[in-house]
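# Observations on the three-dimensional arrangement
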Amino acid sequence: LPVRLDHTASGLQIVALLTDDKELQRLTNLADNKEPNDVYETLLDSIKQLLFKSGRPENHAWVSLGINRKLVKNITVQYMYGGSTYGLERAVVNWYIEKQNDIFQENIYKEITVLLDYYHEALSLISPAPKKFITDHRESQKDKLLSWTSASGFPVLNLYHPQKSTRVRTAVGGAVISG
């Protein structure tokens, strides 16, 4: 049977339950709330406040570019499932490319690093539990696969198989096509 229920920020929900973080449980709709919360909007608002408070024109530029919930959700999902710094940067780069307004030019990676620092600060302001959980498990497992056992005894493995891609160029009807 189809189940038409969805979760809210499942990575954050898992950490909220494992660490018994009541505020994070409330923000991810695991607590009895009068109205549903949107933790991604809460994170976005916090990031924007931090960017504005800094006074750096480059930080204000992120807001003018329209950083949004979709970007924050993408970063959060990747982070909570063990994404690397490179993976988080790629998420921002992909979003930035869609804007078609290269205001940072050759400084884009420096500015992405600054933005991600504000993201991590905003997440820590909401709850220190996600960063502590990820850091503790990465430290304890070093080069091993990021994994843990849930309170119910269910093993969780963060396994991503390497992907391989091949670029093919061919001529179709006299035109060269790359893909």
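Note: the structure precedes this text.
The text that follows walks through the structure, step by step, so that each part is easy to find. (Residues numbered from 1 in each chain as written. Predicted model: local features only at pLDDT ≥ 70, side-chain atom pairs only at ≥ 80, totals over all residues. Heavy atoms only, no water.)

### Describing the overall build of the protein
Secondary structure assignment for the protein yields eight helices and four strands. When the helices and strands of the protein are placed in sequence order, the string is α-α-α-α-α-α-α-α-β-β-β-β. Counting every position in the protein, which comprises 179 residues, the buried fraction comes to 36%. Sequence separation of at least 24 residues holds for 56% of the intrachain contacts in the protein that already meet a minimum separation of 6. As displayed, the protein has an accessible area near 11,800 Å², and 54% of this comes from carbon and sulfur atoms. (Helix = DSSP H or I, 4+ residues; strand = E, 2+ residues; numbered from the N terminus. Buried < 20%, exposed > 50% of the residue type's maximum accessible area, 1.4 Å probe, protein only. Contact = heavy atoms within 4.5 Å. Areas by Shrake-Rupley, 256 points an atom, 1.4 Å probe, with all protein chains shown as cover.)

### Thoughts on empty space enclosed by the protein
Within the structure shown, the criterion is met by two cavities of 30 Å³ or more. Its boundaries defined by the atoms lining it, the largest cavity holds a volume of some 50 Å³. Every residue lining the largest cavity is listed: Ile47, Ile67, Leu71, Val72, Ile75, Leu115 and Tyr119. At the level of secondary structure, the elements contributing two or more residues to the lining of the largest cavity comprise helix H5 (69–80) and helix H7 (108–126). Ranked by the residues each element gives to the lining of the largest cavity, the list is headed by H5, at three residues. Grouping the amino acids of the lining of the largest cavity by side-chain chemistry returns seven nonpolar, no polar and no charged. Reported here for the second largest cavity is a volume of approximately 40 Å³. When residues in the lining of the second largest cavity are grouped by element, the largest group, three residues, is from helix H1 (residues 10–19). Across the lining of the second largest cavity, the residue classes tally to six nonpolar, one polar and no charged. (1 Å grid on protein atoms, 1.4 Å probe; cavity = no way out; pocket = protein on both sides within 12 Å on 5 of 7 lines; lining within 4 Å. Points joined across faces, edges and corners; volume = space filled by probe spheres on them. Nonpolar A, V, L, I, M, F, W, Y, C, P; charged D, E, K, R; others polar.)

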